[in-house]
Amino acid sequence: MVPKFLKAFERVDRVPPGNKVMVILQLSGGNDGLNTVIPIRNDIYYRERPRLGVDKAKALALTDEVGLHPALISLKALYDDGSLGILNSVGYPNPDRSHFRSMDIWQTGSASSEYITTGWVGRYLDAQCHGCDKPTYALEIDDVLSLALKGENSKAIAMKDPKRLFGTSNERFFKDVLKSHKDGEEETVDYLYKTMSETLSSANYIFEQSRAHPSSADYPKTELGNGLKTIASLIFSDINTKVYYISLGSFDTHVNQENQQQRLFTELSDAVKAFTADLKNNNRFNDVLMFTFSEFGRRVSQNASGGTDHGTANNMFLIGGALKQKGIINPMPDLNDLDEGDLKYKLDFKAVYATVLRNWLDSDDSVILGKKYDHLSFC
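Not measured: the values here are computed from a predicted model.

A. How the structure looks around unusual backbone geometry. Following Gly249, the chain continues into Ser250 via a peptide bond in cis, with omega recorded as 10°. Even without being glycine, Asn94 reaches a positive phi, approximately 50°. Tracing the chain through its elements places Asn94 in the loop between β5 (84-91) and α3 (99-108). Even without being a glycine, Asp362 presents a positive backbone phi close to 55°. By secondary structure assignment, the location of Asp362 is in the loop between α10 (349-360) and α11 (365-369).

Listed below in structure tokens is the structure:
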């Protein structure tokens, strides 16, 4: 009596210890990269930010020239132990300063002139899951699924709490709806019922796996802390999930940037500290690659409201025990060479995607991204 497309859940492939998992942390709103990875001996930086520039004495020094924001204590520790990489001046040609459009570009892995309706992780799911049924291959810790995880034929599942998802999926309403459906009624209707059935079955699987090896570590009681603890528990359970996606924000700091960034970076630092320690204690740190991104950076000059306005290129953090390149991987932004007050991009973000797709997830990046990009050497 069980529909054929649900039979796959009886034989779901798992990801055993030693297999690679990717965690994507989206810094929503356009994080100010210059006050994140700080050019602490650059006179132009302090000239353009007389009130907003982070004092050299307060920055967490990485080198004689570069420091981290004072709240990013755990990232400084990761830098010191060789498990943090920093990519600078990451962006794309002809940048767009709209939150919505730029985020679409980053999430779809497209050029600024292209409009694509599938996400780059979603297309990975399409390619990886061709001929199989693994709707839990990617999970987003949120109530709404981001475009990045929507493919043409496969989509990830969004949920904040496996227990709550399980409880909702077992409500009588959904079971009654499924009972009333007969296969072959109408193509669109069949697709909707198939999606519902997959989601409900996935909810059971995710909940059972999350209970298999729950993390016993202490995490901060923040949204990011709770989300990373859920991810850790699922990694330890050897669920079949290869990609996790989680967000923190908003970093849209037009006003009162100092306090807003301090608060968000404290939440980020505390949660990442607990997460990486948990992975290390459970011998999984070498299996996990985390990276951060934001849809754009901010302008070099501060504005009149104690903040910064929408800019272009930005930095990305890479975190993991198996990084092949560590520390400051490429040069800091050149503040002598700006594009009408904005940083010039030097590294296309799609080259980062191509690298993790090929080297970390063992996938054909040129098929997924629709173009060949130079591969980097960090993994």
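B. Highlighting the environment of Glu223. Counting through the fold element by element, Glu223 comes out in helix α8 (residues 223-237). Look at Glu223 and you get exposed, because its relative accessible area is 54%. Discounting residues that sit within four places of it in the chain, Glu223 has contacts with Lys160 and Glu267. Reaching out from Glu223, the side chain makes a polar contact with the side chain of Lys160 at a distance of 2.7 Å.

C. Seen up close, the packing of aromatic side chains. Evaluated as defined, the whole model comprises 11 aromatic pairs. Between Trp120 and Phe291, the ring centres sit 6.4 Å apart and the planes meet at 35°, which makes this aromatic pair tilted. One end of the pair, Trp120, is in helix α4 (residues 120-128); the other, Phe291, is in strand β9 (residues 288-293), and 171 residues separate them in sequence. Among the aromatic side chains, those forming a connected cluster through ring pairs are Tyr92, Trp106, Trp120, Phe291, Phe293, Phe349 and Tyr353. Its guanidinium or amino end placed over the ring of Tyr115, Arg101 lies 3.9 Å from that ring's centre, counting from NZ or CZ.

D. Examining α10 more closely. Taking 1.5 Å of rise per residue, 12 residues should cover 16 Å, and α10 covers 16 Å from first to last C-alpha, within 8% of that figure. Listed in full, the buried residues belonging to α10 are Phe349, Lys350, Ala351, Val352, Tyr353, Ala354, Thr355, Val356, Leu357 and Trp360. Of the residues flanking the start of α10, the one acting as N-cap is Asp348, its side-chain oxygen 2.9 Å from the backbone nitrogen of Lys350. A positive backbone phi angle near 55° is found at Asp362, which sits one or two residues after α10.

E. Broad picture of the pairing of strand β8 (residues 243-248). For β8, the tally of buried residues reaches 5 of 6 residues, placing the bulk of the element in the interior. Looking at chain direction, strand β1 (residues 21-27) and β8 are connected through 6 bridges and run parallel. Bridging across to β8, Gln26 finds its partner in Ser247. In this sheet, β8 lies alongside strand β6 (residues 138-140) in parallel orientation, the contact comprising 3 bridges.

F. Region of the structure containing the pattern of salt bridges. In this structure the tally under the stated criterion is 13 salt bridges. Across the pair Lys160 and Asp143 runs a salt bridge, and its minimum N-O distance is 3.7 Å. One end of the pair, Lys160, is in the loop between β7 (157-158) and α5 (162-169); the other, Asp143, is in the loop between β6 and β7, with 17 residues separating them in the sequence. Taking the relative accessible area as the measure of exposure, Asp143 reaches 48% and is therefore partly exposed.

Criteria and cut-off values
Residues numbered from 1 in each chain as written. Predicted model: local features only at pLDDT ≥ 70, side-chain atom pairs only at ≥ 80, totals over all residues. Heavy atoms only, no water. Helix = DSSP H or I, 4+ residues; strand = E, 2+ residues; numbered from the N terminus. Buried < 20%, exposed > 50% of the residue type's maximum accessible area, 1.4 Å probe, protein only. Contact = heavy atoms within 4.5 Å. Polar contact = N/O pair within 3.5 Å; in protein donor to acceptor, adjacent residues only side chain to side chain. Phe/Tyr/Trp six-rings, centres within 6.5 Å; stacked < 30°, edge-to-face > 60°. Lys NZ or Arg CZ within 6 Å of the ring centre and 35° of its normal. Expected span 1.5 Å × (residues − 1). Pairing = 2+ DSSP bridges. Salt bridge = Lys/Arg side-chain N within 4 Å of Asp/Glu carboxyl O.

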